[in-house]
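# Report on the structure
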Amino acid sequence: MVAALLAVFACSEVDDPSLAPLEDPRFDAPAPPLRSLPREPRRNVFWGDLHIHTSYSYDAYTFGVRSLPEDAYRYAKGDTIQHAIGYPIRLSRPLDFAAVTDHAEYLGVAREMGEARSGEEATLRDVLATGSPWRIPANYFRVIFSSMSSLEKRDEVFGRGADPAVSSRAWRDVIETAERHNEPGRFPTLLGYEWSSMPEDPNLHRNVIYRSGAVPGI
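Since the model is a prediction, treat every value here as computed from it, not as a measurement. (Residues numbered from 1 in each chain as written. Predicted model: local features only at pLDDT ≥ 70, side-chain atom pairs only at ≥ 80, totals over all residues. Heavy atoms only, no water.)

### Some words on the overall build of the protein
To keep it simple, the criterion reads: Note on conventions: DSSP H or I runs of at least 4 residues are helices, E runs of at least 2 residues are strands, and numbering of each starts at the N terminus. For the exposure calls, accessible area comes from a 1.4 Å probe over protein chains only, and a residue counts as buried if that area is under 20% of its type's maximum, exposed if over 50%, partly exposed in between. A 1.4 Å probe and the Shrake-Rupley method give the accessible areas. Residues count as covered only by the protein chains that appear here.
Secondary structure assignment for the protein yields eight helices and six strands. Walking the protein from its N terminus toward its C terminus, one meets helices and strands in the order α-β-α-α-β-β-β-α-α-α-α-α-β-β. The proportion of buried residues among the 218 residues of the protein is 36%. By element, 56% of the accessible surface of the protein is carried by carbon and sulfur atoms, the whole surface being about 13200 Å².

### Describing helix α7 (residues 151-158)
The cut-off we apply is this: It is the directions from the helix axis to the C-beta atoms whose arc is reported.
Residues of α7 that are buried include every one of L151, R154, V157 and F158, and no others. Buried residues of α7 fall within an arc of 130 degrees about the axis and therefore sit on the same side.

### Thoughts on the confidence of the model for the protein
Selection rule: The predictor attaches a confidence to each residue, and that confidence, scored 0 to 100, is pLDDT. We call two residues contacting when some pair of their heavy atoms lies within 4.5 Å.
When the pLDDT values of the protein are averaged, the result is 80; 80% of them are 70 or greater. Summarising per-element confidence for the protein, the mean pLDDT is lowest in helix α1 (residues 2-11) (39) and highest in strand β4 (residues 97-100) (98). Throughout residues 1-19 the model reports pLDDT below 50, and contacts reaching past four residues in sequence, or to other chains, amount to 19 contacts.

### Here we look at unusual backbone geometry
Backbone phi values are negative for most residues with the exception of glycine, while trans is the configuration of most peptide bonds. Notably, Y106 is not glycine yet its phi reads approximately 60 degrees, a positive angle. Note on placement: Y106 falls in the loop between β4 and α4 (109-116). Overall, Y106 belongs to the buried group, its relative accessible area being 12%.

### Here we look at the packing of aromatic side chains
Put simply, the rule reads: Classification of ring pairs uses Phe, Tyr and Trp, with its six-membered ring standing for Trp, and accepts pairs whose centres are within 6.5 Å; under 30 degrees between planes counts as stacked, over 60 as edge-to-face, and the remaining range as tilted. Charge-over-ring contacts are defined here by two conditions on Lys NZ or Arg CZ: a distance within 6 Å of the ring centre and an angle within 35 degrees of the ring normal.
Under the definition given, this model contains five aromatic pairs. When the centroid spacing of 5.5 Å and the interplanar angle of 50 degrees are considered together, the rings of Y58 and F158 count as tilted. Of this pair, Y58 sits in helix α2 (residues 58-62) while F158 sits in helix α7, placing them 100 residues apart in sequence. Of the residues examined, F158 reaches a relative accessible area of 4% and is grouped as buried. Relative to F158, the ring of Y106 lies with its centre 5.7 Å away and its plane at 45 degrees, an arrangement referred to as tilted. Of this pair, Y106 sits in the loop between β4 and α4 while F158 sits in helix α7; the two residues are 52 residues apart in sequence, bridging distant segments of the chain. We note that Y106, like F158, is buried. Through successive ring pairs, a cluster of aromatic residues spans Y58, Y106 and F158. The ring of Y61 is capped by R66, whose NZ or CZ atom sits 3.7 Å from the centre of that ring.

### Quick notes on the environment of I175
Structurally, the position occupied by I175 is in helix α8 (residues 164-181). For I175, a relative accessible area of 15% translates into the label buried. Taking the C-alpha atoms as reference, I175 lies 9.1 Å from L190; in sequence the two are 15 residues apart. Leaving out residues up to four positions away in the same chain, I175 has contacts with L191 and V215.

Next comes the structure, spelled out in structure tokens:
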């Protein structure tokens, strides 16, 4: 499988290794206004996202995500944010509700560790901008096997940086940002996290969603 993936990259042509521009005037318009809907006894259909990871999740941060809950909710409301690679992105239609559900395990730890050693590793944009058919998959496999290949490896890498104060700050930011963006009847935010029962790593992950702001601390 590895050989096949490398072959695909080797045969690919990169027409513009500079990637998308960091600024794009098409995205300058403000987010569209949120609208309230009257109560409908026959029920309305609403579209939202209950599985959003930010840079507080160890896997998202490791693969290049640098956004925070503030960015996630702005994006869900139809505002423009920067993709991890650096170009602007926005939804064609804002969502009706959203929840940031970062991994409970090592919450905020990878970001804290990364900030402490910032500048030591090339960013995801830097890697992709090279257009190299070898460096791009090499970076992917470096990330996978250096910190994500097994539960033991994740514990080894992120466990040594685990600090209750770090996770507590991240969880507090998740809560405060959700409360700040919560607009009942127009854009409800929900508090939650992704929980993984990790012994031997055989499980499916679960999103835990609270019905109110009465949530436990860390």
